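A look at the structure
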Amino acid sequence: MKWQELPLMEEEVLIVREGWRMLFDFHKSVFERVVARHLGALEPASVKERGERVVVELDAERGEELRAWLLLNLGKGFFITELESLELT
């Protein structure tokens, strides 16, 4: 099963490390409430909507900054699940 196929709860933020990049998968409501206003400062490589979810792709350095910020703000109605991508072709 690929990480994109995982069933996620609305308040769950999925963080996936894939080589030089980190992907953050937010429910739209959490994204709008917690991250959207900071998007410019994060300089994402991409922001994609997948149904009710928003996936933000960051380089590893910016990703670690966002991850640390999220960990400091866990009391704001969301929780984090982290994965290392081990997909082999």
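Here, every reference points to the structure presented above.
**Description of helix 3 (residues 60–72)**
Over its 13 residues, helix 3 runs 18 Å from end to end, which matches the ideal 18 Å to within 8%, given 1.5 Å per residue. Turning to helix 3, its buried residues number three or more, namely G63, L66 and L70. Viewed along the axis of helix 3, the buried residues span an arc of 65°, placing them on a single side of the element. Exposed and facing more than 90 degrees away from the buried side of helix 3 are E61 and L72. In the core, the buried residues of helix 3 are packed alongside strand 1 (12–18), strand 2 (21–27), helix 1 (28–35), helix 2 (39–42), strand 4 (53–59) and strand 5 (79–84). The N-terminus of helix 3 is capped by D59, whose side-chain oxygen sits 3.1 Å from the backbone nitrogen of E61.

**Side note on the environment of L8**
Mapped onto the elements, L8 comes out in the segment before strand 1. Using a relative accessible area of 22% as the deciding quantity, one classes L8 as partly exposed. Distance in space between the C-alpha atoms of L8 and F26 is 9.3 Å, their sequence separation being 18 residues. Excluding residues within four positions of it along the chain, L8 makes contact with L14, D25 and R53.

**A look at the environment of G51**
Relative to the helices and strands, G51 resides in the loop between strand 3 (46–50) and strand 4. On the basis of relative accessible area, G51 is assigned to the exposed category, the value being 54%. Spatially, the C-alpha atoms of G51 and H27 are 9.1 Å apart, while their sequence positions differ by 24 residues.

**Topic: the side chain of E18**
Summarising the element assignment, E18 is placed in strand 1. Of the polar contacts made by the side chain of E18, one reaches the side chain of R21; its length is 2.3 Å.

**Quick word on the packing of aromatic side chains**
Taken as a whole and judged by the stated rule, the model has two aromatic pairs. Here the aromatic rings of F26 and F31 are separated by 6.0 Å at their centres, their planes lie at 55°, and the arrangement is tilted. Assessed through its relative accessible area of 0%, F26 is described here as buried. The class for F31 is buried, based on a relative accessible area of 6%. Put simply, the rings of F24, F26 and F31 touch in pairs and so form one group of aromatic residues.

**Description of the pairing of strand 1**
Here strand 1 lies mainly inside the structure; seven of its seven residues are buried. In the sheet, strand 1 pairs with strand 5 via six bridges, with the strands oriented parallel. Among the inter-strand pairings, E12 is bridged to a residue of strand 5, identified as F79. Pairing between strand 1 and strand 2: five bridges, direction antiparallel. Looking at the pairing, E18 lines up with R21 of strand 2.

About the criteria used
Residues numbered from 1 in each chain as written. Predicted model: local features only at pLDDT ≥ 70, side-chain atom pairs only at ≥ 80, totals over all residues. Heavy atoms only, no water. Helix = DSSP H or I, 4+ residues; strand = E, 2+ residues; numbered from the N terminus. Expected span 1.5 Å × (residues − 1). Buried < 20%, exposed > 50% of the residue type's maximum accessible area, 1.4 Å probe, protein only. Arc of directions from axis to C-beta. Contact = heavy atoms within 4.5 Å. Polar contact = N/O pair within 3.5 Å; in protein donor to acceptor, adjacent residues only side chain to side chain. Phe/Tyr/Trp six-rings, centres within 6.5 Å; stacked < 30°, edge-to-face > 60°. Pairing = 2+ DSSP bridges.

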